[in-house]
Amino acid sequence: MRHIHLITLLLVVLGLTTALSLQFFRSESEQTAQLSNVVNRALETKQLDTKLNEEALKAASFRFVHFDNIVQIVKATEKSRLALEKAVSGLDREKAERFHEALKNLAQVMQKRLTMIERLKSKVALSRNSSNFLLAFLRKDSEQPTQGIMDLAVQALNEIQGYQIFPTQERFEAAQKVLNELRQKTDQQEGLAGFGNVLRHMDMMFSITQEVSAIVDELMAGRSQSLISSLITDLQMIQVNEQNRSTGYRYLLLSAVLFVFVAFAYALVRWNQARRRTQQASQLFEDAVDSMSEGFAFFGPNQKLVFWNTTFARLYEPIFDRIHKDMSWEEFEAVQKESGFLLQSELQKDGSTLDQTQNGYWMLSANTKMHQGGYAVVRVDLSEQKRAQDQLQLAATVFQTASEAMMVTDKDNIIQMVNPAFSKITGYKESDVLGQRPSILSSGHHGEDYYQKMFDDLERYGSWQGEIWNRRKSGEIYPEWLSISTICDEDNQVVQRVSLFNDITSRKKSEERIHYQANYDSLTDLPNRNLFRERLNQSINMARRSKSRVAVLFLDIDNFKHINDTLGHLMGDELLRNVADRLRSLFRTSDTIARLSGDEFIVIINDANYDPDLEQLLNRLLECLSLPYVLDGNTAYTSVSVGATFFPDDGQSVDSLLQNADAAMFKAKEMGRNTYSFFTPEMNSRAQERHTMEVALHRALEKHEFVLHYQPIVDADSHTMVTTEALVRWNDPERGLIQPDKFIAVAEDTGLIVPMGEWILRQACCDAARWHRENSHSFGVSVNLSSRQFKRSDIYGLVKEVLAETGLPAGKLSLEITESLLVDDDSSVLKTLRDLRDLGVLLSIDDFGTGYSSLSYLKRFPITTLKIDRSFINDVLSNNEDAALSQAIISMAKSMSLKVVAEGVENAGQARFLTERKCDLIQGYFFSKPLPFEELMSAIASNHLNEKKEL
Amino acid sequence: MACGFSIRKAIKFFCSLGVVCMASYAGWASDEIMRKGEPILPIPYDFSAEPGKVALGKRLFHDTALSADDTVSCASCHDTKRFGVDSNRTSVGIDGQVGLVNAPTVYNSRFNFAQFWDGRARDLHDQVGGPINNPIEMGANWDLVVNNLSKEPEYVKEFTTLYGEEGITPQTISDAIRTYELTLVSVGGAFDRYLRGDEMAISAQQKRGYSLFKSYGCVACHQGVNVGGNMYQRMGAFIPYFTKDNMKSKADQGRYNVTQDKEDMFVFKVPSLRLAAYTAPYFHDGSVKTLEKAIEIMANYQLGYKVSDQDIEDIKAFIISLAGTTDKEAE
């Protein structure tokens, strides 16, 4: 009876499983995989499309060397989009149709973008040629037309280039005006052969600039990004829905199928047993009377029923009340027929029939006519056999259609059967594996021990399950979840083993995703702090063994907070992603790039050395990360500061290396950002030093150890002294004269800059007022203000007070501030500066060109003077770029009516260069070093300073 | 835009108009001591291609069975023993028909961003069908070619071995020929050795030529690995070269024939100069016989320069250094 229950249950489950499986299970996992494939393709397309924007912008800024990179990205983008289309067409029809329209749009939009990029490439190449041609022409001394025309041509080129940098309407008009003027002038003059090409090149440059700027605008405003994004969102929605739905089914079905299959195997065994018994039965027919397991009745020669056994009675139980002794054969047959006792009857080959009865039996009926008349009636109960057979048929259906791979092996571990899913997963056809051992699938991924444990478990418990890596016919290794069950006969001898497995590659992937989340930063896909520590540990261990070095680079984005605040967090995130991408492009895959937190990144370089290669890499790193960033159509500019440290030289542990790299990075920030610094042991003792310095500075201030030196600033044409810059020195009784770069930073950090600055301002004004009174020389003085000082004290009040105290006319005082003060865009700064300007004080921007500033800011602030940083002037003769930069600053300042001072002029060549380019004022050793007050006074008295130098 | 704008960086744009000083984006992985920031890149060393397909592709490339009357093979116009060209002004197809354009070299074609003078094929694979189906080139069609090849048991066997059940189809034929063409690369050029750090690899004249090539602006279009082949440009960018009146054939319209966009009138793929020294005559119509003349015309019509004879000689010397050998056809 227990079997009956089992089989009933089995049948129910079988029905359920088959129905569900057929409808759903077969296609489900395939669909999921295809869907995630589509999402990946879409993400890839989006990423490439972004990169395309970047490259386009780079090309549009004329910073290209060759176009191979952009071509590669174009190709990759196209390929990726086609792959996306192909992947979508592999989805089921409903979904594929749903995305059809979107993909068509995307194809159109992207095709258009590629056309625009081709056009952009042609245009920028032409523009570069024109610019080359013009620069070369204007540099040449020969065949020049009149100086007037030459000057106008230079001005026109400047204007066009200015328009190229800032394509505003204003600049457009200005450039057009100069161009027209030049055209008129040249028309009037005869014999300007060769000048026609100059004008033509200028026109070309001018119109190309317009075209390029239009193309770029269109590229950046393109809909491709939003199209892909919405596609991805749609896809992900579907993905989430499907995943939720499928997880539930998956578990239900898995357990059902597993159950059914084990039961099926059990049924196989039963069926075998039943068959054996049937054979016995036919032998037993001879002495039926003795046999009690078959139904038997006997109709005598007179055709009357004379005898039946108990089994017969049991089989005929529903109509047994109508069966009685002495009933005739005809009567018996009539009763059977009338009562509808036999539901169906199948004629067998040997003339017997297989009948299904009212009460649910299947019996084999044989009525044998006796030699002497009468019938021997035998009824063999085949119900069990028949059910097993049906069951087998059903099970075979499951076997054939299940999405789980099934494999049956015999007691000698030889494969007897496999199902289609097996072939699908492993790639082996049935004919490939029948007669083979399961080891044909083995991947070599697991050791002896693993298999030994499996066999032990099978021996002991009869079953095993677990994850195992096998090899497909194609050679690919994949993970599967494998359950093995053992089928034993009555004597507990192993008959067969049934293995059931699932390809769990996709589940592994989700496990990997979890692992990924624990170890990777989801924003940038870079390793996080966790994984970084692990990797650095590995690197240290490896380096110890191989006696090599590991470099650790600590990167911090300059002004990240500012970008985050002004552009918003989303843009900030986008910037971080961009930085991460660029980092990936810079380093080898064997290096580790991680994001520590916020805007901090870290790179581990294995097998590194302090050598030119590394420096070259660092330079490239700085350069690459300071290229413009395109954030959702906006362009942002930033840079990074990098600190580098080495294992084993600087530290032995993860923590100490991290600390060192951090300290070195801070040093790089101090050095002015967008630079790198190597860790030195001094950095550790720096805190100590700072403290000592702080104490000493306090003392110096009390004991009046600071002195001011004055460096003359002269008129570029006449070389007469116009003003001076006050520079602070520390006259330490022990160490002598100390330059400000050694102590200003500490003074700023400790707040000491406020009283120090106050003293400097007061002293400078006092000295300048004295020149005024005693010498009737009317030159002024320029005083540096630190941003700290500016923010921490009431500068306006102080200046007003000092001017009143000393009697110096406000127009003789110039305050030098740095660009960094303006960048913070603080309305109180603007107010203070305006107030100061209202007093009549001059305001100049110091170290111009080195920092992070903006034209629009410059316009908003009441600045009177720009001081070009000495770093530009240094190489103005040897470096074309610096020369062009200086020239550009000068012409830009002119257009904004600002005076320009060039700092750090050391030789006649530099002075000549600046004078020729109409720089207003010059400061530097070429004229005079900074002098103490008394020396300056005597120099003025002897008129040394006003002699015009020979250039 | 609220975003800040670094003046230094802004001004840098300005400089880079004339002075190109950017290092390339490429990774750090390379062990070579490479000259950095050069607009021309050396041809990479490493080409792996499936040997079976290369051999099959080579056979197909030289097989006249790809033409309508069994007279013309790919190699008829792209002779791999003669730098991948036929040295004719324009090529001759079946029945002695003369084409409209000059056959470009098949060497280094893998580095081109698009194929044909007007860029109408996206890549080498797409290119294969062009000449085969062109009535005045090979004059055949895919059905005919597939049919021809299927008659030869050896082809049937080879295709089955390499492509399995797919067998002989336009796709597999294109793939085999493409795979072969991927191996047709000119290697070991003196200039590449120079780029890889061998200062002595090229002569002083060649260095001068390179410097002129850059300062005249030739390099704005002829750059990258293939010294061209990665962008489109108008023939007569500075001074019109073609007009409606002096056009000789429809081919002179260039890319316009593909896009029907007026902007693309007379625009062509910038050809690679890698083998220019050995692949006269020049331009899409093969109208110019010597390299000197080609340089002179380019300088004038593209850049607006009248270049001196000495400069032309120097630039020519530089172009010779680009070539390298084509002997090493893949085995």
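All figures in this text were calculated on a predicted structure; none of them were measured in a lab.

Novice: So what's going on with the overall build of chain A? Residues and values would help.
Specialist: Along its length, chain A carries 31 helices and 28 strands. Looking at chain A residue by residue over its 951 residues, the buried ones come to 51%. Put simply, of all contacts in chain A between residues at least 6 apart along the chain, 62% involve residues at least 24 apart. When the accessible surface of chain A is totalled, it reaches about 45100 Å², and 50% of it is carbon and sulfur.

Novice: Before we move on, can you summarise the overall build of chain B with the specific residues and values?
Specialist: Across its full length, chain B holds 12 helices and two strands. Secondary structure elements of chain B occur, N-terminal to C-terminal, as α-α-α-α-α-α-α-α-α-β-α-β-α-α. Sorting the 331 residues of chain B into buried and exposed places 55% on the buried side. With the model as given, the accessible surface of chain B reaches about 14300 Å², and the carbon-plus-sulfur share is 53%.

Novice: Can you lay out the sheet that holds strand β5 (residues 362-369) of chain A for me, pointing to particular residues and giving the numbers?
Specialist: All names here are of chain A. Strand order in the open sheet formed by six strands is β2-β1-β6-β5-β4-β3, and the pairing between neighbours is antiparallel. The sheet terminates laterally at β2 (305-308) and β3 (342-347), the two strands that pair on one side only. Neighbour-to-neighbour, the strand axes of the sheet open up by a mean angle of 20°, direction not taken into account. Across five bridges, the pairing between β3 and strand β4 (residues 353-357) is antiparallel.

Novice: Tell me about the nonpolar core, and name the residues and values.
Specialist: L697(A), L813(A) and L815(A) are the most contacted members of the largest nonpolar core, which totals 84 residues. Among the elements that make up this core, the one with the highest residue count is helix α22 (residues 753-775) of chain A (10 residues). Once residues lying within four places of it in the same chain are set aside, the contact partners of L813(A) are L761(A), C765(A), V781(A), V783(A), V799(A), L803(A), L808(A), V841(A) and L842(A). The next biggest cluster of nonpolar side chains, apart from the first, holds 63 residues, and it includes M205(A), F206(A), V227(B) and A299(B).

Novice: Explain unusual backbone geometry to me, and be specific about the residues and the numbers.
Specialist: In this structure, the amide linkage connecting F647(A) to the following residue, P648(A), adopts the cis form with an omega of 0°. Checked against the element boundaries, P648(A) lands in the loop between β17 (640-647) and α19 (654-670). The peptide bond linking A280(B) to P281(B) adopts the cis configuration, its omega dihedral lying at -5°. Mapping P281(B) onto the fold places it in the loop between β2 (267-269) and α11 (291-303). The phi dihedral of H719(A) falls on the positive side, at around 60°, and the residue is not glycine. With respect to the element layout, H719(A) can be found in the loop between β19 (706-715) and β20 (721-732). With a relative accessible area of 0%, H719(A) lands in the buried category. The backbone of D847(A) sits at a positive phi, close to 50°, despite the residue not being glycine. In this fold, D847(A) is placed in strand β24 (residues 842-848).

Novice: With reference to specific residues and values, describe the pairing of β20(A).
Specialist: All names here are of chain A. Of all 12 residues that make up β20, 10 are buried, and the element is covered over most of its length. Linking β19 back to β20 in an antiparallel pair, the connection comprises five residues, with H719 at a positive phi of about 60°. Inspection of the sheet shows β20 paired to strand β21 (residues 736-738) by three bridges, in the antiparallel sense. Residue pairing in the sheet places D732 in a bridge with G736 of β21.

Novice: For the pairing of strand β26 (residues 899-902) of chain A, give the residues involved together with the corresponding values.
Specialist: Residues and elements named next belong to chain A. Examined bridge by bridge, strand β25 (residues 865-868) and β26 share four bridges and lie parallel to one another. What sits directly across from I868, in β26, is A902. With two bridges joining them, β26 and strand β27 (residues 921-923) adopt parallel strand pairing. In the strand pairing of β27, A902 is matched with I922. Read as a crossover between parallel neighbours, the route from β26 over helix α30 (residues 908-916) to β27 is right-handed.

Novice: How would you sum up helix α16 (residues 560-567) of chain A? Please name residues and give values.
Specialist: Every buried residue belonging to α16(A) is among F560(A), H562(A), I563(A), N564(A) and L567(A), and all of these are buried. G568(A), located one to two residues past α16(A), shows a positive phi value of around 100°.

Novice: Outline the sheet that holds strand β9 (residues 463-471) of chain A, listing residues and values.
Specialist: Residues and elements named next belong to chain A. The sheet built from five strands is open, its strands ordered β8-β7-β11-β10-β9 with antiparallel pairing. In the strand order of this sheet, the two ends are held by β8 (415-418) and β9, each with one partner. Across the sheet, the mean angle from the axis of one strand to that of its neighbour is 25°, orientation sign disregarded. Pairing analysis gives three bridges linking strand β7 (residues 405-410) to β8, with the strands arranged antiparallel. Across the sheet, M407 pairs through a bridge with V418, a residue of β8. Packing against the sheet, helix α13 (residues 448-461) makes contact with β9, β10 (477-488) and β11 (494-503), and its axis sits at approximately 155° to β9.

Novice: So what's going on with the pattern of salt bridges? Residues and values would help.
Specialist: All told, the structure shown has 54 salt bridges over all chains when counted by the stated rule. Of the charged contacts in the structure, one is a salt bridge between R122(B) and E78(A), with a shortest N-O distance of 2.9 Å. Taken together, the residues span two chains, with R122(B) in the loop between α3 (74-77) and α4 (124-133) and E78(A) in helix α2 (residues 68-89). The partly exposed category is assigned to R122(B), whose relative accessible area is 37%. Given a relative accessible area of 13%, E78(A) falls into the buried group.

Novice: Run through helix α2 (residues 51-61) of chain B, naming residues and quoting values.
Specialist: All names here are of chain B. If you check which residues of α2 are buried, you get K53, V54, L56, G57, L60 and F61. End-on view of α2: buried residues confined to an arc of 165°, all on one side of the axis. Tucked inside the fold, the buried residues of α2 contact α3, α5 (142-150), α6 (153-163) and α7 (170-182).

Novice: How would you summarise the environment of S844(A) if you had to cite specific residues and measurements?
Specialist: Counting through the fold element by element, S844(A) comes out in strand β24. Along the primary structure S844(A) and I817(A) are separated by 27 residues, whereas in three dimensions their C-alpha atoms are 6.3 Å apart.

Novice: Explain the state of the cysteines residue by residue, including any values.
Specialist: Taken as a whole and assessed by the stated rule, the structure comprises zero disulfides over all chains. C77(B) takes part in no disulfide bond, and the closest cysteine sulfur to it belongs to C74(B), at a distance of 9.0 Å.

Novice: Give a description of the packing of aromatic side chains that names residues and reports values.
Specialist: Enumeration according to the criterion identifies 39 aromatic pairs over all chains in this entry. Here F191(B) and Y194(B) contribute two aromatic rings whose centre-to-centre distance is 5.6 Å and whose plane-to-plane angle is 40°, an arrangement assigned as tilted. Remark: Y194(B) and F191(B) occur in helix α8 (residues 190-195); sequence separation between them is three residues, near one turn of the helix. Both residues of the pair, F191(B) and Y194(B), count as buried. Among the aromatic residues, those joined into a ring-pair cluster are F299(A), F312(A), Y316(A), W329(A), F332(A) and F341(A). Above the face of the F238(B) ring, R200(A) is positioned so that its terminal group lies 5.3 Å from the ring centre. For the cation-ring pair, R735(A) lies above W730(A), with the distance from its terminal atom to the ring centre recorded as 5.5 Å.

Novice: So what about the packing of helix α5 (residues 169-188) of chain A against helix α6 (residues 195-221) of chain A? Which residues, and what values?
Specialist: All names here are of chain A. At a closest axis distance of 11 Å, the pairing of α5 and α6 adopts a crossing angle of 165°. One way to sum up the angle between α5 and α6 is to call them roughly antiparallel. α6 is crossed by α5, and the crossing has left-handed handedness. Contacts between α5 and α6 involve F172, A175, Q176, L179, L182, R183 and T186 from the former and F195, L199, M202, D203, F206 and Q210 from the latter. Grouping the constituent residues of the contact of α5 with α6 by class yields eight nonpolar, three polar and two charged.

About the thresholds
Residues numbered from 1 in each chain as written. Chains lettered and ligands numbered in written order. Predicted model: local features only at pLDDT ≥ 70, side-chain atom pairs only at ≥ 80, totals over all residues. Heavy atoms only, no water. Helix = DSSP H or I, 4+ residues; strand = E, 2+ residues; numbered from the N terminus. Buried < 20%, exposed > 50% of the residue type's maximum accessible area, 1.4 Å probe, protein only. Contact = heavy atoms within 4.5 Å. Areas by Shrake-Rupley, 256 points an atom, 1.4 Å probe, with all protein chains shown as cover. Pairing = 2+ DSSP bridges. Axes fitted to C-alpha atoms, helices over the stretch in contact; angles between N-to-C directions. Core = buried A, V, L, I, M, F, W, Y, C linked by side-chain atoms within 4.5 Å. Right-handed = clockwise from strand over helix to strand, strands pointing away. Salt bridge = Lys/Arg side-chain N within 4 Å of Asp/Glu carboxyl O. Arc of directions from axis to C-beta. Disulfide = S-S within 2.5 Å. Phe/Tyr/Trp six-rings, centres within 6.5 Å; stacked < 30°, edge-to-face > 60°. Lys NZ or Arg CZ within 6 Å of the ring centre and 35° of its normal. Parallel < 35°, antiparallel > 145°, perpendicular 65-115°, else oblique. Left-handed = near helix turned anticlockwise from the far one by under 90°. Nonpolar A, V, L, I, M, F, W, Y, C, P; charged D, E, K, R; others polar.

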